[in-house]
Amino acid sequence: MIISRSIKSLQKQIKSLKLRNNKISLVPTMGSLHEGHLSLIKKAKGKKRIVIVSIFINPTQFGANEDFAKYPKNTSRDINLLKKISTDIVFLPHNKDILKYKTSKLKQPKLPVEKILCGKSRPRYFPGVGKIIIKLFDIIKPDYAYFGEKDYQQLYFIKQLVKSLKFHTKIIPGKTIRDSSGIALSSRNLYLNDAQKLIAKNIIVILRKTKRELLRNWNPLKILNQNKKILIDIGVSKIDYFELRSENFNKNIPKDRKCRLFIAVFIGSTRLIDNIKIN
Ligand code: PAF
């Protein structure tokens, strides 16, 4: 496994790999890797492509009162995990190199999906994610890039970004991976104590219950409100949102009810998100 810490050395590696007709897959991460990341990497490896994993805790996607300063970091553990699953290249750039890297011809668009759900309560999030993804795609020019469905809004946002900037990268989704109690894997789960984990495992239970009730009797307003109350009763500190959206994030749900249920809650001061497909 090659560990590349500079943009120049990474681009040199990529150039020689492309000359030998290799296709490049990128799995962008902020480190503190878990099975969710590893499943994306394994999926990419299965296609016999060169897999690059980037590890960069992107300061620009955190708001002023968010957890950038305490975001979990364990690079040596990450590197060992990546070696074990035979990752080809790890890109571990220095903060200042990425932040000062200029993508001269690419102007970041403002996309409507940035303003809703996570984007409403975290206004810096999508502009910050976009900023870094544009740089990574410009540096690496991946043929494929992998993003998890746990961050479904982010996955959609990236697809829109790729379309708008005419990147030649195909975006591949990966299924949400859950622990044995049903909690969707996230690096932020490390913030939860045992009592909070007991609350967190109810998120998927309530999502599935809400789905069953909706499919039995389509009355979203009533059913969502009832289940919001249950979430608070079982100890969720605050509900940021609990909403149905169509596959393209419209509030109007189509007649065939092809939509998803999205949730963001605080348990203590930890913000967790999840979503499930309804139809
Ligand atoms: O999902 C993440 O880990 C981050 O938002 C990403 C896509 C690596 C951008 O910093």
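Everything that follows concerns the structure shown earlier in this document.
Residues numbered from 1 in each chain as written. Predicted model: local features only at pLDDT ≥ 70, side-chain atom pairs only at ≥ 80, totals over all residues. Heavy atoms only, no water.

**Q** Hey, could you run me through the site of the ligand in this one?
**A** Neighbouring residues of the ligand: Pro-28, Thr-29, Met-30, Asn-58, Gln-61, Tyr-125, Val-129, Ile-132, Phe-147 and Gln-154. At 2.7 Å, a side-chain N or O of Gln-61 approaches an oxygen atom of the ligand. Here Gln-154 contributes a side-chain N or O atom positioned 2.8 Å from an oxygen atom of the ligand. When the ligand is considered free in solution it has 280 Å² of accessible area, and contact with the protein chains removes 89% of it. (Near = heavy atom within 4 Å. Polar contact = N/O pair within 3.5 Å; in protein donor to acceptor, adjacent residues only side chain to side chain. Areas by Shrake-Rupley, 256 points an atom, 1.4 Å probe, with all protein chains shown as cover.)

**Q** Explain helix 10 (residues 220–233) here, please?
**A** For an α-helix, 3.6 residues make a turn, and residues three or four places apart therefore share a direction. For helix 10, built from 14 residues, the straight-helix expectation of 20 Å at 1.5 Å per residue is met to within 8% by its first-to-last C-alpha distance of 20 Å. Listed as buried for helix 10 are Ile-223, Leu-224, Asn-227 and Leu-231. Seen end-on, helix 10 carries its buried residues on one side only, within an arc spanning 95°. For helix 10, the exposed residues lying more than 90 degrees away from the buried face are Leu-221, Lys-229 and Asp-233. Looking at the buried residues of helix 10, the elements they touch are helix 9 (202–216), strand 7 (238–246) and strand 8 (259–267). Immediately beyond the C-terminal end of helix 10, within one or two residues, lies Gly-235, with a positive phi of roughly 115°. (Helix = DSSP H or I, 4+ residues; strand = E, 2+ residues; numbered from the N terminus. Expected span 1.5 Å × (residues − 1). Buried < 20%, exposed > 50% of the residue type's maximum accessible area, 1.4 Å probe, protein only. Arc of directions from axis to C-beta. Contact = heavy atoms within 4.5 Å.)

**Q** In this structure, what is going on with the sheet that holds strand 7? I would like to understand it.
**A** Pairing between the strands of a sheet is mediated by backbone hydrogen bonds and can be parallel or antiparallel. The 3 strands lie next to each other as 7-8-9, forming an open sheet whose pairing is antiparallel. At either margin of the open sheet sits one strand with a lone partner, and together these are strand 7 and strand 9 (270–277). Shown here is a sheet whose adjacent strand axes are inclined to one another by a mean of 10°, direction ignored. Judged from the 8 bridges that link them, strand 7 and strand 8 form a sheet pairing that is antiparallel. Residue pairing for strand 8: Arg-245 is matched across the bridge by Arg-260. (Pairing = 2+ DSSP bridges. Axes fitted to C-alpha atoms, helices over the stretch in contact; angles between N-to-C directions.)

**Q** What exactly am I supposed to notice about the packing of aromatic side chains here?
**A** The relative placement of two aromatic rings is captured by the distance of their centres and the angle of their planes. Evaluation of the coordinates by the stated rule reveals 9 aromatic pairs. Ring geometry for Phe-126 against Phe-157: centres 5.0 Å apart, planes inclined by 50°, an arrangement best described as tilted. Of this pair, Phe-126 sits in helix 6 (residues 125–140) while Phe-157 sits in helix 7 (residues 152–165), placing them 31 residues apart in sequence. Here Phe-126 matches Phe-157 in class, with each residue buried. The rings of Tyr-152, Tyr-156, Phe-249 and Phe-262 are connected pair by pair, giving a single aromatic cluster. A cation over an aromatic ring shows up here: Lys-70 above the ring of Tyr-191, its NZ or CZ 4.2 Å from the ring centre. (Phe/Tyr/Trp six-rings, centres within 6.5 Å; stacked < 30°, edge-to-face > 60°. Lys NZ or Arg CZ within 6 Å of the ring centre and 35° of its normal.)

**Q** Explain the environment of Asp-194 to me, please; I cannot follow it from the model alone.
**A** Inspection of the secondary structure puts Asp-194 in helix 8 (residues 194–200). The exposure class assigned to Asp-194 is exposed, which follows from its relative accessible area of 61%.

**Q** Can you help me understand the nonpolar core in this one?
**A** In globular proteins that are soluble, nonpolar side chains generally tend to be buried together. Ranked by size, the top nonpolar core spans 45 residues in total, and within it Ile-52, Phe-137 and Ile-140 carry the most contacts. When contributions to this core are tallied by element, the ones reaching two or more residues are helix 1 (7–19), strand 2 (24–29), strand 3 (50–55), strand 4 (89–91), helix 6, strand 5 (144–148), helix 7 and strand 8. When residues of this core are assigned to their parent elements, the largest contribution, 10 residues, is made by helix 6. Ile-52 has contacts with Leu-10, Ile-14, Ile-24, Ser-25, Leu-26, Val-27, Ile-89, Phe-91 and Ile-140, leaving out every residue within four places of it along the chain. (Core = buried A, V, L, I, M, F, W, Y, C linked by side-chain atoms within 4.5 Å.)

**Q** What exactly am I supposed to notice about the layout of surface pockets here?
**A** Vacant regions in the atomic arrangement are exposed by a probe of water-molecule size rolled over the atoms. Of the volumes computed, that of the second largest pocket is approximately 290 Å³. Around the second largest pocket, the lining is made up of 18 residues, and of these Ile-55, Ile-57, Lys-73, Pro-93 and Asn-95 lie nearest the centre. For the lining of the second largest pocket, the residue count by class is 9 nonpolar, 6 polar and 3 charged. (1 Å grid on protein atoms, 1.4 Å probe; cavity = no way out; pocket = protein on both sides within 12 Å on 5 of 7 lines; lining within 4 Å. Points joined across faces, edges and corners; volume = space filled by probe spheres on them. Nonpolar A, V, L, I, M, F, W, Y, C, P; charged D, E, K, R; others polar.)

**Q** Would you mind going over the sheet that holds strand 4 with me for this structure?
**A** Read from one edge of the open sheet, 6 strands run 1-4-3-2-5-6, paired in parallel fashion. Sheet topology places strand 1 (2–4) and strand 6 (170–174) at the edges, where each strand pairs with a single neighbour. Within this sheet the neighbouring strands show an average axis-to-axis angle of 25°, counted without direction. Two elements, strand 5 and strand 6, share 5 bridges in a ladder whose sense is parallel. By the bridge assignment for strand 6, Phe-147 is matched with Pro-173.

**Q** Help me understand empty space enclosed by the protein, please; the structure alone is not making it clear to me.
**A** Enumeration over the complete set of coordinates arrives at 1 cavity of 30 Å³ or more. If you add up the space inside the largest cavity, you get close to 90 Å³. Lining the largest cavity are 13 residues; nearest its centre among them are Ile-183, Ala-184, Ile-203, Leu-272 and Ile-273. Contributing elements (two or more residues each) for the lining of the largest cavity: helix 9 and strand 9. Here the residues of the lining of the largest cavity are counted per class, giving 7 nonpolar, 3 polar and 3 charged.

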